[in-house]
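# Residue-level structural notes
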Amino acid sequence: MKPFMRAQLERSVQRLSELDFLLSREDIMQDMTQFMLLSREHAEVVALVTPYQKWLQHSADMDAAQAMLQDPDPQVQAMAQEELAHGSAGMATLEAQLQRMLLPKDPDDARNAFLEIRAGTGGDESALFAGDLLRMYSRYCATKQWRVEVISESVSELGGYKEVVIRIEGAGVYGALKFESGGHRVQRVPTTETQGRIHTSACTVAVLAEPDEAQAIQINTSELRIDTFRASGAGGQHINKTDSAVRITHLPTGIVAECQDGRSQHSNKAQALRVLTARIQEKDRAERAAKDAAERKSLIGSGDRSDRIRTYNFPQGRFTDHRINLTLYKLLAIMEGDLGDVIEALQAYEAAEQLAALEGQT
(Lines give C-alpha, C1' and ligand atoms only; values in the text may rest on other atoms or scores of the structure.)
Protein backbone atom coordinates (compact mmCIF):
# COMPACT_ATOMS: atom_id res chain seq x y z
CA MET A 1 0.00 0.00 0.00
CA LYS A 2 1.27 3.45 -0.93
CA PRO A 3 2.45 5.54 2.04
CA PHE A 4 0.01 8.40 1.38
CA MET A 5 -2.93 5.95 1.45
CA ARG A 6 -1.68 4.39 4.67
CA ALA A 7 -1.33 7.86 6.22
CA GLN A 8 -4.88 8.84 5.28
CA LEU A 9 -6.29 5.59 6.63
CA GLU A 10 -4.39 5.97 9.91
CA ARG A 11 -5.92 9.45 10.25
CA SER A 12 -9.34 7.86 9.75
CA VAL A 13 -8.62 5.38 12.55
CA GLN A 14 -7.72 8.29 14.82
CA ARG A 15 -10.83 10.20 13.77
CA LEU A 16 -13.00 7.16 14.57
CA SER A 17 -11.68 7.18 18.14
CA GLU A 18 -12.53 10.88 18.42
CA LEU A 19 -16.04 10.31 17.10
CA ASP A 20 -16.60 7.37 19.46
CA PHE A 21 -15.69 9.66 22.37
CA LEU A 22 -17.88 12.55 21.16
CA LEU A 23 -20.91 10.33 20.62
CA SER A 24 -20.49 8.75 24.08
CA ARG A 25 -20.88 12.11 25.84
CA GLU A 26 -24.20 12.50 27.67
CA ASP A 27 -24.71 16.10 26.56
CA ILE A 28 -24.45 15.33 22.82
CA MET A 29 -28.13 14.32 22.62
CA GLN A 30 -29.15 17.85 23.63
CA ASP A 31 -28.09 19.10 20.20
CA MET A 32 -29.79 16.77 17.72
CA THR A 33 -28.38 18.57 14.68
CA GLN A 34 -24.82 18.06 15.91
CA PHE A 35 -25.63 14.49 16.94
CA MET A 36 -26.94 13.65 13.45
CA LEU A 37 -23.88 15.20 11.78
CA LEU A 38 -21.49 13.25 13.99
CA SER A 39 -23.49 10.04 13.52
CA ARG A 40 -23.37 10.40 9.75
CA GLU A 41 -19.62 11.03 9.80
CA HIS A 42 -19.17 8.07 12.15
CA ALA A 43 -20.93 5.76 9.67
CA GLU A 44 -18.76 7.03 6.81
CA VAL A 45 -15.52 6.59 8.77
CA VAL A 46 -16.52 3.11 9.97
CA ALA A 47 -17.13 2.11 6.34
CA LEU A 48 -13.53 3.11 5.57
CA VAL A 49 -11.82 1.81 8.70
CA THR A 50 -13.47 -1.64 8.64
CA PRO A 51 -11.81 -2.82 5.37
CA TYR A 52 -8.56 -1.17 6.48
CA GLN A 53 -8.57 -3.23 9.68
CA LYS A 54 -9.13 -6.36 7.56
CA TRP A 55 -6.16 -5.32 5.43
CA LEU A 56 -4.02 -4.94 8.56
CA GLN A 57 -5.09 -8.42 9.72
CA HIS A 58 -4.15 -9.87 6.33
CA SER A 59 -0.80 -8.10 6.59
CA ALA A 60 -0.14 -9.61 10.02
CA ASP A 61 -1.14 -13.05 8.76
CA MET A 62 1.24 -12.65 5.84
CA ASP A 63 4.11 -11.81 8.19
CA ALA A 64 3.35 -14.93 10.23
CA ALA A 65 3.18 -17.07 7.09
CA GLN A 66 6.50 -15.64 5.92
CA ALA A 67 8.07 -16.75 9.18
CA MET A 68 6.51 -20.23 8.76
CA LEU A 69 8.46 -20.66 5.51
CA GLN A 70 11.60 -21.09 7.61
CA ASP A 71 10.13 -24.14 9.36
CA PRO A 72 11.93 -27.38 8.37
CA ASP A 73 8.62 -29.30 8.15
CA PRO A 74 7.51 -29.44 4.45
CA GLN A 75 3.84 -29.54 5.45
CA VAL A 76 4.21 -26.33 7.43
CA GLN A 77 5.96 -24.72 4.46
CA ALA A 78 3.12 -25.81 2.15
CA MET A 79 0.58 -24.31 4.54
CA ALA A 80 2.60 -21.10 4.59
CA GLN A 81 2.69 -20.93 0.78
CA GLU A 82 -1.08 -21.40 0.63
CA GLU A 83 -1.59 -18.70 3.28
CA LEU A 84 0.66 -16.28 1.41
CA ALA A 85 -1.20 -16.80 -1.87
CA HIS A 86 -4.60 -16.37 -0.21
CA GLY A 87 -3.48 -13.37 1.83
CA SER A 88 -1.88 -11.62 -1.14
CA ALA A 89 -5.11 -11.86 -3.17
CA GLY A 90 -7.18 -10.65 -0.23
CA MET A 91 -4.90 -7.67 0.39
CA ALA A 92 -4.98 -6.67 -3.27
CA THR A 93 -8.80 -6.73 -3.29
CA LEU A 94 -9.04 -4.70 -0.09
CA GLU A 95 -6.43 -2.21 -1.29
CA ALA A 96 -8.35 -1.60 -4.52
CA GLN A 97 -11.55 -1.11 -2.49
CA LEU A 98 -9.86 1.34 -0.13
CA GLN A 99 -8.33 3.24 -3.04
CA ARG A 100 -11.78 3.77 -4.56
CA MET A 101 -13.21 4.86 -1.23
CA LEU A 102 -10.47 7.46 -0.71
CA LEU A 103 -11.11 9.19 -4.04
CA PRO A 104 -13.08 12.45 -3.85
CA LYS A 105 -16.70 11.98 -4.88
CA ASP A 106 -18.61 14.30 -7.19
CA PRO A 107 -21.99 14.77 -5.48
CA ASP A 108 -23.61 15.17 -8.89
CA ASP A 109 -22.51 11.73 -10.13
CA ALA A 110 -25.66 10.06 -8.81
CA ARG A 111 -27.98 12.62 -10.44
CA ASN A 112 -30.16 12.42 -13.55
CA ALA A 113 -28.86 14.35 -16.55
CA PHE A 114 -29.82 16.35 -19.61
CA LEU A 115 -27.94 15.34 -22.75
CA GLU A 116 -27.80 17.80 -25.65
CA ILE A 117 -26.63 16.98 -29.18
CA ARG A 118 -26.10 19.72 -31.77
CA ALA A 119 -25.14 19.34 -35.42
CA GLY A 120 -21.95 21.22 -36.31
CA THR A 121 -19.81 21.39 -39.41
CA GLY A 122 -20.90 19.12 -42.21
CA GLY A 123 -24.44 20.24 -43.03
CA ASP A 124 -26.94 17.43 -43.59
CA GLU A 125 -24.37 14.74 -42.79
CA SER A 126 -23.73 16.35 -39.40
CA ALA A 127 -27.48 16.34 -38.66
CA LEU A 128 -27.69 12.65 -39.62
CA PHE A 129 -24.75 11.88 -37.33
CA ALA A 130 -26.55 13.73 -34.51
CA GLY A 131 -29.39 11.26 -35.03
CA ASP A 132 -26.93 8.36 -34.89
CA LEU A 133 -25.49 9.67 -31.62
CA LEU A 134 -28.98 10.00 -30.14
CA ARG A 135 -29.68 6.38 -31.09
CA MET A 136 -26.33 5.26 -29.60
CA TYR A 137 -27.01 6.96 -26.28
CA SER A 138 -30.64 5.80 -26.19
CA ARG A 139 -29.59 2.18 -26.71
CA TYR A 140 -26.92 2.44 -24.01
CA CYS A 141 -29.53 3.87 -21.63
CA ALA A 142 -31.81 0.94 -22.43
CA THR A 143 -29.09 -1.51 -21.36
CA LYS A 144 -28.82 0.37 -18.05
CA GLN A 145 -32.62 0.50 -17.69
CA TRP A 146 -32.54 4.29 -17.62
CA ARG A 147 -35.57 6.26 -18.76
CA VAL A 148 -35.10 8.62 -21.73
CA GLU A 149 -37.42 11.57 -22.40
CA VAL A 150 -37.14 13.98 -25.34
CA ILE A 151 -37.27 17.58 -24.10
CA SER A 152 -36.88 19.44 -27.38
CA GLU A 153 -35.84 18.65 -30.93
CA SER A 154 -35.19 20.38 -34.23
CA VAL A 155 -35.45 17.81 -37.02
CA SER A 156 -33.46 18.18 -40.24
CA GLU A 157 -34.95 17.63 -43.67
CA LEU A 158 -33.14 14.31 -44.20
CA GLY A 159 -34.19 12.83 -40.89
CA GLY A 160 -31.40 13.76 -38.49
CA TYR A 161 -31.37 16.51 -35.91
CA LYS A 162 -30.10 20.06 -35.96
CA GLU A 163 -30.46 19.92 -32.21
CA VAL A 164 -32.01 17.52 -29.72
CA VAL A 165 -32.17 17.59 -25.91
CA ILE A 166 -33.10 14.53 -23.83
CA ARG A 167 -33.53 13.93 -20.12
CA ILE A 168 -32.09 10.69 -18.73
CA GLU A 169 -33.37 9.35 -15.43
CA GLY A 170 -31.71 6.57 -13.48
CA ALA A 171 -29.05 5.65 -10.95
CA GLY A 172 -25.64 7.20 -11.59
CA VAL A 173 -26.53 8.75 -14.96
CA TYR A 174 -24.38 11.88 -14.73
CA GLY A 175 -21.38 9.99 -13.34
CA ALA A 176 -21.44 7.64 -16.33
CA LEU A 177 -22.11 10.17 -19.09
CA LYS A 178 -20.38 13.36 -17.94
CA PHE A 179 -17.29 12.62 -20.04
CA GLU A 180 -19.37 12.67 -23.25
CA SER A 181 -19.31 16.48 -23.35
CA GLY A 182 -17.24 17.78 -26.25
CA GLY A 183 -16.81 17.60 -30.01
CA HIS A 184 -17.58 14.30 -31.76
CA ARG A 185 -16.11 13.93 -35.26
CA VAL A 186 -17.31 11.39 -37.83
CA GLN A 187 -15.48 10.21 -40.95
CA ARG A 188 -17.58 8.22 -43.41
CA VAL A 189 -19.14 8.16 -46.88
CA PRO A 190 -22.50 9.99 -46.62
CA THR A 191 -25.59 8.39 -48.12
CA THR A 192 -25.88 11.43 -50.37
CA GLU A 193 -22.33 10.97 -51.74
CA THR A 194 -22.41 9.54 -55.28
CA GLN A 195 -18.64 9.19 -55.82
CA GLY A 196 -17.82 7.28 -52.64
CA ARG A 197 -15.72 10.03 -51.07
CA ILE A 198 -15.18 10.09 -47.30
CA HIS A 199 -16.52 13.23 -45.62
CA THR A 200 -15.70 14.62 -42.19
CA SER A 201 -18.39 16.28 -40.09
CA ALA A 202 -18.95 16.94 -36.42
CA CYS A 203 -21.47 17.30 -33.62
CA THR A 204 -21.17 18.72 -30.14
CA VAL A 205 -22.51 16.95 -27.08
CA ALA A 206 -23.15 18.49 -23.67
CA VAL A 207 -24.15 16.56 -20.56
CA LEU A 208 -25.66 18.56 -17.69
CA ALA A 209 -26.46 17.30 -14.21
CA GLU A 210 -30.13 17.81 -13.39
CA PRO A 211 -30.23 20.31 -10.52
CA ASP A 212 -31.36 19.29 -7.08
CA GLU A 213 -34.41 21.49 -6.53
CA ALA A 214 -33.45 21.97 -2.89
CA GLN A 215 -29.93 23.12 -3.78
CA ALA A 216 -30.48 24.67 -7.22
CA ILE A 217 -29.41 28.21 -7.84
CA GLN A 218 -32.16 30.76 -7.40
CA ILE A 219 -33.14 32.54 -10.60
CA ASN A 220 -34.77 35.95 -10.41
CA THR A 221 -37.97 35.75 -12.47
CA SER A 222 -37.52 39.37 -13.53
CA GLU A 223 -34.38 38.25 -15.39
CA LEU A 224 -36.33 35.77 -17.53
CA ARG A 225 -38.07 36.27 -20.85
CA ILE A 226 -40.68 33.59 -21.52
CA ASP A 227 -41.99 33.04 -25.06
CA THR A 228 -44.62 30.57 -26.17
CA PHE A 229 -44.89 29.20 -29.68
CA ARG A 230 -46.43 26.41 -31.70
CA ALA A 231 -44.42 23.20 -31.42
CA SER A 232 -43.02 21.59 -34.55
CA GLY A 233 -42.39 18.00 -35.52
CA ALA A 234 -44.35 14.82 -35.06
CA GLY A 235 -47.15 14.93 -32.53
CA GLY A 236 -50.52 14.82 -34.22
CA GLN A 237 -53.21 17.46 -34.30
CA HIS A 238 -52.51 18.71 -30.78
CA ILE A 239 -49.12 20.09 -31.81
CA ASN A 240 -50.56 21.97 -34.75
CA LYS A 241 -53.37 23.69 -32.84
CA THR A 242 -51.86 24.97 -29.57
CA ASP A 243 -49.03 27.30 -28.61
CA SER A 244 -47.85 24.90 -25.90
CA ALA A 245 -44.09 25.06 -26.58
CA VAL A 246 -42.10 27.31 -24.24
CA ARG A 247 -38.78 29.10 -24.67
CA ILE A 248 -37.12 30.75 -21.66
CA THR A 249 -34.21 33.17 -21.97
CA HIS A 250 -32.00 34.11 -19.01
CA LEU A 251 -31.29 37.73 -19.87
CA PRO A 252 -28.04 38.25 -17.85
CA THR A 253 -26.27 35.32 -19.52
CA GLY A 254 -28.23 34.92 -22.75
CA ILE A 255 -28.71 31.21 -21.98
CA VAL A 256 -31.85 29.78 -23.61
CA ALA A 257 -33.87 26.63 -22.95
CA GLU A 258 -37.03 25.40 -24.57
CA CYS A 259 -39.41 22.49 -24.26
CA GLN A 260 -42.12 21.37 -26.66
CA ASP A 261 -42.56 17.72 -25.83
CA GLY A 262 -45.16 18.06 -23.07
CA ARG A 263 -48.90 18.25 -23.64
CA SER A 264 -49.39 21.49 -21.74
CA GLN A 265 -47.73 24.87 -21.61
CA HIS A 266 -47.41 24.52 -17.84
CA SER A 267 -45.45 21.26 -17.98
CA ASN A 268 -43.25 22.56 -20.81
CA LYS A 269 -42.47 25.71 -18.82
CA ALA A 270 -41.48 23.68 -15.75
CA GLN A 271 -39.25 21.39 -17.81
CA ALA A 272 -37.65 24.27 -19.71
CA LEU A 273 -36.89 25.99 -16.41
CA ARG A 274 -35.13 22.85 -15.16
CA VAL A 275 -33.03 22.71 -18.33
CA LEU A 276 -32.22 26.42 -18.02
CA THR A 277 -31.14 25.99 -14.42
CA ALA A 278 -28.94 23.01 -15.41
CA ARG A 279 -27.30 25.07 -18.18
CA ILE A 280 -26.59 27.98 -15.85
CA GLN A 281 -25.11 25.63 -13.25
CA GLU A 282 -23.05 23.92 -15.96
CA LYS A 283 -21.71 27.34 -17.00
CA ASP A 284 -20.60 27.92 -13.41
CA ARG A 285 -19.12 24.40 -13.26
CA ALA A 286 -17.22 24.93 -16.54
CA GLU A 287 -15.78 28.20 -15.27
CA ARG A 288 -14.60 26.51 -12.08
CA ALA A 289 -13.18 23.60 -14.10
CA ALA A 290 -11.29 25.99 -16.37
CA LYS A 291 -9.77 27.63 -13.32
CA ASP A 292 -8.83 24.25 -11.83
CA ALA A 293 -7.40 23.07 -15.15
CA ALA A 294 -5.08 26.06 -15.21
CA GLU A 295 -3.70 24.88 -11.88
CA ARG A 296 -3.73 21.15 -12.66
CA LYS A 297 -3.69 19.98 -16.27
CA SER A 298 -6.47 17.43 -16.68
CA LEU A 299 -7.49 15.82 -19.95
CA ILE A 300 -10.91 14.78 -18.70
CA GLY A 301 -13.75 16.58 -17.02
CA SER A 302 -13.32 20.11 -18.35
CA GLY A 303 -16.66 19.79 -20.11
CA ASP A 304 -15.48 22.12 -22.85
CA ARG A 305 -17.82 21.16 -25.66
CA SER A 306 -15.61 22.91 -28.25
CA ASP A 307 -12.83 20.36 -27.75
CA ARG A 308 -12.70 17.44 -30.18
CA ILE A 309 -12.82 14.42 -27.92
CA ARG A 310 -13.83 11.61 -30.30
CA THR A 311 -13.39 10.35 -33.84
CA TYR A 312 -15.77 7.79 -35.33
CA ASN A 313 -14.02 6.42 -38.45
CA PHE A 314 -16.48 4.18 -40.31
CA PRO A 315 -14.23 3.00 -43.19
CA GLN A 316 -11.76 1.60 -40.65
CA GLY A 317 -14.37 0.59 -38.07
CA ARG A 318 -12.32 2.63 -35.62
CA PHE A 319 -13.44 4.50 -32.51
CA THR A 320 -10.90 6.83 -30.88
CA ASP A 321 -11.15 8.86 -27.69
CA HIS A 322 -8.33 11.38 -28.02
CA ARG A 323 -8.21 12.38 -24.34
CA ILE A 324 -7.00 8.99 -23.13
CA ASN A 325 -5.60 7.62 -26.42
CA LEU A 326 -8.21 4.87 -26.43
CA THR A 327 -8.75 3.16 -29.80
CA LEU A 328 -11.27 0.36 -30.29
CA TYR A 329 -12.02 -1.45 -33.54
CA LYS A 330 -15.66 -2.18 -32.79
CA LEU A 331 -17.31 0.98 -34.02
CA LEU A 332 -20.54 -0.66 -35.20
CA ALA A 333 -21.10 -2.25 -31.79
CA ILE A 334 -20.45 1.08 -30.09
CA MET A 335 -22.96 2.83 -32.36
CA GLU A 336 -25.47 0.19 -31.23
CA GLY A 337 -25.00 1.34 -27.64
CA ASP A 338 -22.06 -0.80 -26.50
CA LEU A 339 -20.41 2.04 -24.57
CA GLY A 340 -19.47 0.10 -21.44
CA ASP A 341 -15.74 -0.31 -22.23
CA VAL A 342 -15.44 3.37 -23.20
CA ILE A 343 -17.15 4.70 -20.08
CA GLU A 344 -15.19 2.36 -17.78
CA ALA A 345 -11.90 3.47 -19.37
CA LEU A 346 -12.76 7.13 -18.87
CA GLN A 347 -13.80 6.55 -15.26
CA ALA A 348 -10.59 4.58 -14.60
CA TYR A 349 -8.53 7.40 -16.07
CA GLU A 350 -10.29 9.94 -13.85
CA ALA A 351 -9.68 7.73 -10.80
CA ALA A 352 -5.97 7.49 -11.66
CA GLU A 353 -5.79 11.30 -12.05
CA GLN A 354 -7.51 11.81 -8.70
CA LEU A 355 -5.19 9.30 -7.03
CA ALA A 356 -2.14 11.08 -8.44
CA ALA A 357 -3.48 14.40 -7.20
CA LEU A 358 -4.07 12.95 -3.72
CA GLU A 359 -0.55 11.51 -3.68
CA GLY A 360 0.86 14.87 -4.70
CA GLN A 361 -0.90 16.58 -1.78
CA THR A 362 0.76 14.39 0.84
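Just so we're clear, the structure is a prediction, and the values are computed from it rather than from any experiment. (Residues numbered from 1 in each chain as written. Predicted model: local features only at pLDDT ≥ 70, side-chain atom pairs only at ≥ 80, totals over all residues. Heavy atoms only, no water.)

## Re a negative patch on the surface
- Together, Asp-61, Asp-63, Glu-82 and Glu-83 make up a negatively charged patch on the protein surface.
- For the negative patch, the elements supplying multiple residues, two or more each, are helix H2 (32-68) and helix H3 (74-102).
- Tracing the sequence through the fold places Glu-82 in helix H3.
- Judged by relative accessible area, Glu-82 falls into the exposed class, the value being 60%. (Patch = residues over 30% accessible without salt bridge, like charges linked within 9 Å, V, L, I, M, F, W, Y side chains within 5 Å. Areas by Shrake-Rupley, 256 points an atom, 1.4 Å probe, with all protein chains shown as cover. Salt bridge = Lys/Arg side-chain N within 4 Å of Asp/Glu carboxyl O. Lys, Arg positive; Asp, Glu negative; His and termini not counted. Charge placed at Lys NZ, Arg CZ, Asp CG, Glu CD. Helix = DSSP H or I, 4+ residues; strand = E, 2+ residues; numbered from the N terminus. Buried < 20%, exposed > 50% of the residue type's maximum accessible area, 1.4 Å probe, protein only.)

## Examining the sheet that holds strand S1 (residues 113-119)
- Strand order in the open sheet formed by eight strands is S2-S3-S1-S5-S4-S9-S10-S11, and the pairing between neighbours is mixed. The sheet is open, and its two borders are formed by strand S2 (147-155) and strand S11 (326-328), each paired with just one other strand. For this sheet, the mean angle separating the axes of adjacent strands, direction not counted, is 15 degrees. (Pairing = 2+ DSSP bridges. Axes fitted to C-alpha atoms, helices over the stretch in contact; angles between N-to-C directions.)

## What about the layout of surface pockets?
- Its boundaries defined by the atoms lining it, the second largest pocket holds a volume of some 360 Å³.
- Along the wall of the second largest pocket there are 16 residues; nearest its centre are Leu-103, Asp-109, Gln-347, Glu-350 and Gln-354.
- Tallying contributions element by element places helix H9 (residues 340-361) first for the lining of the second largest pocket, with five residues.
- Tallied by class, residues from the lining of the second largest pocket come to six nonpolar, four polar and six charged. (1 Å grid on protein atoms, 1.4 Å probe; cavity = no way out; pocket = protein on both sides within 12 Å on 5 of 7 lines; lining within 4 Å. Points joined across faces, edges and corners; volume = space filled by probe spheres on them. Nonpolar A, V, L, I, M, F, W, Y, C, P; charged D, E, K, R; others polar.)

## A word on the confidence of the model for the protein
- Looking at the protein, the pLDDT average stands at 85 and 89% of residues meet or exceed 70.
- Considering only residues more than four positions removed or in separate chains, one finds that residues 295-299, a stretch of pLDDT under 50, has six contacts. (pLDDT = per-residue confidence, 0-100. Contact = heavy atoms within 4.5 Å.)

## Some points on the sheet that holds strand S7 (residues 245-250)
- If you walk across this open sheet you meet the three strands as S6-S7-S8, and the pairing is antiparallel. Every other strand in the sheet has two partners, leaving strand S6 (224-229) and strand S8 (255-259) as the edge strands with one partner each. Pairs of neighbouring strands in the sheet enclose a mean axial angle of 15 degrees, with direction left out of account.
- By the bridge criterion, five bridges tie S7 to S8 in an arrangement that is antiparallel.

## Thoughts on helix H4 (residues 124-143)
- Here H4 spans 29 Å end to end across 20 residues, near enough to the 28 Å set by a 1.5 Å rise per residue.
- Among the residues making up H4, those that are buried are Glu-125, Ser-126, Ala-127, Phe-129, Ala-130, Gly-131, Leu-133, Leu-134, Met-136, Tyr-137, Tyr-140 and Cys-141.
- Gln-145 lies just past H4 and shows a positive phi near 60 degrees. (Expected span 1.5 Å × (residues − 1).)

## Some thoughts on the nonpolar core
- Within the largest apolar cluster, 38 residues are counted, with the highest numbers of intra-cluster contacts made by Leu-115, Ile-117, Leu-133, Leu-177 and Tyr-312.
- Of all the elements in the fold, those that place two or more residues in this core are S1, H4, strand S3 (161-169), helix H5 (173-177), strand S5 (199-209), S11, helix H8 (331-335) and H9.
- Element by element, the count of residues in this core is highest for H4, at eight residues.
- If we skip the residues at most four places from it in the chain, Ile-117 touches Ala-130, Leu-133, Leu-134, Tyr-137, Lys-162, Glu-163, Val-164, Cys-203, Thr-204 and Val-205. (Core = buried A, V, L, I, M, F, W, Y, C linked by side-chain atoms within 4.5 Å.)

## Brief notes about unusual backbone geometry
- The residue Gln-145 is not glycine, and still its phi comes out positive at about 60 degrees.
- Looking at the secondary structure, you find Gln-145 in the loop between H4 and S2.
- Accessibility expressed as a relative area gives 73% for Gln-145, which makes it exposed.
- Even without glycine at this site, Asn-325 takes up a positive phi of about 55 degrees.
- Tracing the sequence through the fold places Asn-325 in the loop between strand S10 (318-321) and S11.
- For Asn-325, a relative accessible area of 69% puts it in the exposed group.

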